[in-house]
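For reference, the chains in residue letters:
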Amino acid sequence: MTDVVDADELLRRMHRARTCALAEGRSWRARSEALRSTDPEGSREAAVRTVAYEAVLRVLDEVLTPGRNADRRSPAD
């Protein structure tokens, strides 16, 4: 099933996705830190997930507010 959505709804969904990615990234970062001393492998896996959510967050930020984070880019970009 395919729903047709207008631009406002698409924007709302993207903002919700950004909020979710931000929360998930924070959650995985906290989990990584909590597991660091007791479960190094679990901590590494949580750190990888943190990086993945940070990447999603950067993409959504660029789509929602183009150019706002231009000064945060690495020199290689």
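A brief structural summary. For clarity, every value in this text was computed on a predicted model and none was experimentally measured.

What counts as what
- Residues numbered from 1 in each chain as written.
- Predicted model: local features only at pLDDT ≥ 70, side-chain atom pairs only at ≥ 80, totals over all residues.
- Heavy atoms only, no water.
- Helix = DSSP H or I, 4+ residues; strand = E, 2+ residues; numbered from the N terminus.
- Contact = heavy atoms within 4.5 Å.
- Buried < 20%, exposed > 50% of the residue type's maximum accessible area, 1.4 Å probe, protein only.
- Axes fitted to C-alpha atoms, helices over the stretch in contact; angles between N-to-C directions.
- Parallel < 35°, antiparallel > 145°, perpendicular 65-115°, else oblique.
- Left-handed = near helix turned anticlockwise from the far one by under 90°.
- Nonpolar A, V, L, I, M, F, W, Y, C, P; charged D, E, K, R; others polar.
- Salt bridge = Lys/Arg side-chain N within 4 Å of Asp/Glu carboxyl O.
- Phe/Tyr/Trp six-rings, centres within 6.5 Å; stacked < 30°, edge-to-face > 60°.
- Lys NZ or Arg CZ within 6 Å of the ring centre and 35° of its normal.

**As for the environment of Ala46**
Within the element layout of this structure, Ala46 appears in helix H2 (residues 40–64). Taking the C-alpha atoms as reference, Ala46 lies 9.9 Å from Ala34; in sequence the two are 12 residues apart. Ignoring sequence-local partners within four residues, the contact set of Ala46 consists of Trp28, Arg31 and Ser32.

**Here we look at the side chain of Asp61**
One can find Asp61 in helix H2. The buried category is assigned to Asp61, whose relative accessible area is 8%. Asp61 has contacts with Arg18, Pro66, Arg68 and Asn69, leaving out every residue within four places of it along the chain.

**Here we look at the packing of helix H1 (residues 7–35) against H2**
Look at H1 against H2: their axes get within 8 Å of each other, and the N-to-C directions meet at 155°. Here H1 lies roughly antiparallel to H2, going by the angle between them. As for how H1 packs across H2, the hand of that crossing is left-handed. For the contact of H1 with H2, the class distribution of residues is 16 nonpolar, six polar and seven charged.

**Side note on the pattern of salt bridges**
Taken as a whole, this structure holds seven salt bridges when the rule is applied. In this structure, the salt-bridge partner of Arg12 is Glu9, at a minimum N-O distance of 3.1 Å. Placement of the pair is Arg12 and Glu9 together in helix H1, with a separation of three residues, close to one helical turn. The exposure class of Arg12 is partly exposed, given its relative accessible area of 44%. Residue Glu9 pairs with Arg16 through a salt bridge whose shortest N-O separation is 3.6 Å. The class of Arg16 is partly exposed, set by a relative accessible area of 48%. Salt bridges here are not isolated pairs; linked through shared partners, they connect Glu9, Arg12, Arg13 and Arg16.

**Considerations on the packing of aromatic side chains**
Under the defined criterion, the tally for this structure stands at zero aromatic pairs. Directly above the ring of Trp28 sits Arg31, whose terminal nitrogen or CZ lies 4.2 Å from the centroid.

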